[in-house]
Structures are given as structure tokens and as C-alpha cells.
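Breakdown of the fold
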Amino acid sequence: MTAFRRLAVACALLLAGSAWGGAGAADPLTIRIGYLTRAEEPRIPLTFLEPVVEDEGVQGARLAIVDNDTTGRFLNQRFELVEATVPEGEGVEGAVRGLAAQGIRLLVADLRADALLAADALPDARAMLILNARAPDDELRNERCRANLLHTAPSRRMLADALAQYLALRRWSNWMLVVGRAPEDAAFAEALRRAAKRYGARIVEEKIWSFEDANRRVDTGHVTLQSEIPVFTQGREHDVVVVADEADAFGEHLAYRTWLPRPVVGTHGLVPTAWSRVHEQWGATQLHSRFERQAGRWMRPRDYAAWIAVRAVGEAATRTNSADPAVLAAYIRGPDFTLPAFKGQGLSFRPWDGQLRQPVLLAGPRTLVSVSPQPGFLHQFSELDTLGDDQPETKCGGRG
């Protein structure tokens, strides 16, 4: 055995002894991360091919704890996820106070916008770094931004810009926009209108979906849709049907039934998303397989956003070799932070609004079609800042 190999083996044994608590090893530094969500009725999928998911979000956080511990063993660090679930319909204030009383200063929030703002408004939250792993609302990155709030979930404007870039590249510049009746549908439609203006597209016609949801499982369900949708989608000449149906009430039914033979994009058809089961590049299959072994299902965007949030803390602990929440929070916010996240490049947080810069997948039902930013959409600092609110556009004045 050469001297180099003897040295390598000795180093490996030394690391292993330290990692697995050999004789004389100090107790590991424990880094505790809170996870807060509120129980709600699970979404019933449109087809029996999809499972009813009742643990969306938290499974991603749990997997990230395992990943953090894998690296943390070599630095004598261990990670603990402190979970809190608020009953459906109840306020989140008590849970935030309870987590603060347990010493939680790093909190992953799987909450809608109203609950997130209520949590962040508490005095107990002022000492916390809160990572928003769910709410896509643009106002949280603008008028209602907070100094201690970061966002691992992409904003609606990021998703809309990612889609608009691809449509511009394809020269599908004339859109028919179909909008659902839910408030979140209207919010995404507004982001799409902004993206159309930003990238030179024209919304030649806009329609509000006004039909009652048909029971697709009765014998005549498809017949009703087949007769209603062609008439509904008649209108001015257009290149593409763009759908804003976050509530998932009708969008899946539009493909193959429109008056003109046009592609369907938006919340259905070709979908801009942070994560998709069809994503296989940059080692994503490895993350998919580990998540599926743990959760027994595919990883979803909420899972991925929670995974990123917990992994951000783990990456900061690795780089700083610290378990101090204040040190970790400062590093995550700082200019040296980057996180590898199976998207081909390191991700970082924008200092002006706390949004995580990240590529956006454009996914079909069974294949990844593209990834935005698209080629040719340039930026003086980072092409990722072509998605969502750039620094000159931000209305965030509360980050300090």
C-alpha cells in the first residue's frame, strides 16, 4: 500500500470515527428547524390515476432533514424538524408562539398568504427567519414583503414569465386567456397579463369559465364537455389557449376539445412549475427515487419548496460550521449563499424581495418540454432575474 493510500485510509477512518460518535467524540450540535402548516381538506384529483395526497409539503421537509444529517455527521451536526399542524379553520398564532417557546428561530411555513402574514405579524416571529414554502402571491414579494421572510416557492409572476418566454420563443404571440372563478385563478391571470405585456404577446380574447362543473364520471359527462367547450372557445384567431385555473376545476378538460386545434398551456397542458415528476435532468431522478421510497408517491412542487427551505439551512450550517440560528440566517440571506437543487445551477435569494432565484420547468403530462429562462433572454447580472420582479421593478420597501 502506497503512502498516499495509507494516508487516505487513515483520514477516512478518522472521519468515520468522528461521524459515528467514536470514543471521546463531543455531542453533536443540534440545529432545530420548525415546520408550520394548517390542516385542510385534501384536493380530490380529476382522475383515479392520481392519489389523494394528505401530506404534501411535510414529506419534502422530512427528506431534507435526512439529507442534512448525511452531511452533518461529518461536521458533528444533527438536524431536527419540529412539526406543528394547526387544525383546519383555526389561527396560526398559538402554534407560532409554541414554536418560539421551544427555541425555534428557523421556520419553514407551508401556509397560504393570509395565514403566513398572520404568523409573521406576531412579536414572537420577529426573531425568526421564516421561509415561505407555499404561497405564490406576488404581493408577499412586493407591497407586503417582510424583512425576515424568504420565499422558496416561486411567485406567480415567475411562473407566468417562464411560460411567456417559451411562447415568445415559439412565436405563439396571440393568446386566448381562459380564467376560472376562484380568487387564485384571478391572481394568476393578472400575472399572465403582465407577462404578455412584458414579452410582447397579445391577449386577443379573454373568457371567464362560467359552466358548472360536469360530473365526468357519469355516462354523459364527456358528451357535455364535448359540446360545451368548442362553443365556449370560439372567438378571434389565436395561437394558444392560456389557462388560469389554479383551483383545478376545468382546465384539464380543454385539451382536444377547443374550437380551433390549439395547444393548451398555463395551469394545465404545458405547465410552468418548480418541480414535476417528469423532470430527469441534473440528477433529479436520484431525488425522485429517494422521495418515493420515503413517501410512497411522487414529489410535488410544495414538497420541493419545503425540501429547498430545509436544505438551505443545512447548506448554511455546512458552510459556516455553525449551529447558531442567527449565523445561519445571516448566511442564507448573504451574497455567498448558493444551493445545489437538481436544476443545473446554484440557487440564491434575491436581496430586494427575498425570492429564491430558480429555473422554472415547463412540463407536459409525461415529458419535460423546456426550462426557463429561455435562450436569448439576457440580464446584466443573472438570467434567472428575468423571471418575476427584477430589482428596478420591486415594490418591496420593508426588507431593511
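Scroll up to find the structure.
Throughout what follows, the structure given in this document is the object of discussion. These figures come from a predicted structure and were not determined experimentally. The residue numbering used here restarts from 1 in each chain and proceeds along that chain's sequence as written. A pLDDT threshold of at least 70 governs which residues receive local features in this predicted model, and a stricter bar of 80 or more applies before side-chain atom pairs are shown or counted, although totals over entire chains, interfaces and linings include all residues. With hydrogens and water excluded, all non-hydrogen atoms of the structure serve as input to the side-chain values.

1. Observations regarding the overall build of the protein
The numbering of helices and of strands both runs from the N terminus, where a helix is a DSSP run of H or I of at least 4 residues and a strand a run of E of at least 2. A count of helices and strands for the protein gives 10 helices and 14 strands. Restricting the calculation to C-alpha atoms gives the radius of gyration, and the globule rule supplies 2.2 Å times the number of residues raised to the power 0.38. Taking 21 Å as the expected radius of gyration for a compact globule of 400 residues, we find that the protein reaches 23 Å, a close match to that expectation. In terms of overall dimensions, the protein has a C-alpha envelope of 75 × 55 × 50 Å along the principal axes. When a residue's accessible area, from a 1.4 Å probe over protein chains only, is under 20% of the maximum for its type it is buried; when over 50% it is exposed; and in between it is partly exposed. Counting the 400 residues in the protein, one finds 51% classified as buried. For the protein, long-range pairs separated by at least 24 residues make up 70% of all intrachain contacts whose partners lie at least 6 apart in sequence. All accessible areas in this document rest on Shrake-Rupley with a 1.4 Å probe, and a residue is counted as covered only by the protein chains that are shown. With an accessible surface of roughly 18,800 Å², the protein has 52% of that area assigned to carbon and sulfur atoms. Only four residue types enter the charge count: Lys and Arg as positive, Asp and Glu as negative, with His and the chain ends excluded. We put the charge of a Lys on NZ, of an Arg on CZ, of an Asp on CG and of a Glu on CD. One way to put it: in the protein the 47 positive side-chain charges average out to a point 4 Å from where the 50 negative ones average out. In what follows, a contact means two residues having at least one pair of non-hydrogen atoms within 4.5 Å.

2. Quick look at the side chain of Asp385
You can see Asp385 is positioned in the segment after β14 (368-372). Of the residues examined, Asp385 reaches a relative accessible area of 2% and is grouped as buried. Pairs of N or O atoms within 3.5 Å make up the polar contacts considered here, provided that, within protein, one atom can donate a hydrogen while the other can accept it, and that residues adjacent in sequence are counted only when both atoms are side-chain atoms. Reaching out from Asp385, the side chain makes a polar contact with the side chain of Arg357 at a distance of 3.0 Å. Not counting residues within four places of it along the chain, the set of residues in contact with Asp385 comprises Arg198, Arg350, Trp352, Arg357, His379 and Asp390.

3. A word on the side chain of Thr267
Relative to the elements of secondary structure, Thr267 occurs in the loop between β9 (264-266) and β10 (271-273). Polar contacts involving the side chain of Thr267 include one to the main-chain amide nitrogen of Asp245, which spans 3.0 Å. A distance of 2.9 Å separates a polar atom in the side chain of Thr267 from a polar atom in the side chain of His268.

4. Comments concerning the sheet that holds β14
Across a sheet, strands are paired by hydrogen bonds formed along the backbone, either parallel or antiparallel in direction. A pair of strands counts as paired when DSSP detects no fewer than two bridges linking them. The 3 strands lie next to each other as β10-β13-β14, forming an open sheet whose pairing is antiparallel. The strands lining the two open edges of the sheet, one partner per strand, are β10 and β14. Neighbour-to-neighbour, the strand axes of this sheet turn through a mean angle of 25 degrees, independent of strand direction. Pairing between β10 and strand β13 (residues 360-363): 3 bridges, direction antiparallel. Looking at the pairing, Val271 lines up with Ala363 of β13. Structural elements are reduced to axes, namely lines fitted to C-alpha atoms, with helices fitted over the stretch in contact, and the angle between N-to-C directions of any two is expressed from 0 to 180 degrees.

5. Things to note about the environment of Leu117
With respect to the secondary-structure elements, Leu117 resides in helix α4 (residues 113-120). Residues Leu117 and Gly200, spaced 83 residues apart in sequence, show a C-alpha to C-alpha distance of 34 Å. Dropping the residues within four chain positions of it, Leu117 is found in contact with Leu140, Arg144 and Arg146.

6. Some thoughts on unusual backbone geometry
Going from Ser372 to Pro373, the amide bond is cis rather than trans, its omega being 15 degrees. One non-glycine residue, Asp248, lies in the positive phi region at around 60 degrees.

7. Let's talk about the state of the cysteines
We call a pair of cysteine sulfur atoms a disulfide whenever their separation is within 2.5 Å. Overall, the coordinates contain 1 disulfide when judged by the stated rule. In this model, Cys145 is linked to Cys396 through a disulfide, with the two sulfur atoms separated by 2.0 Å. Around the S-S axis, the bridge from Cys145 to Cys396 shows a dihedral of about 95 degrees and counts as right-handed. Of this pair, Cys145 sits in the loop between β4 (129-132) and β5 (149-151) while Cys396 is found in the segment after β14, placing the two residues 251 residues apart along the sequence. Accessibility expressed as a relative area gives 13% for Cys396, which makes it buried.

Nothing here speaks to function; it is all geometry.
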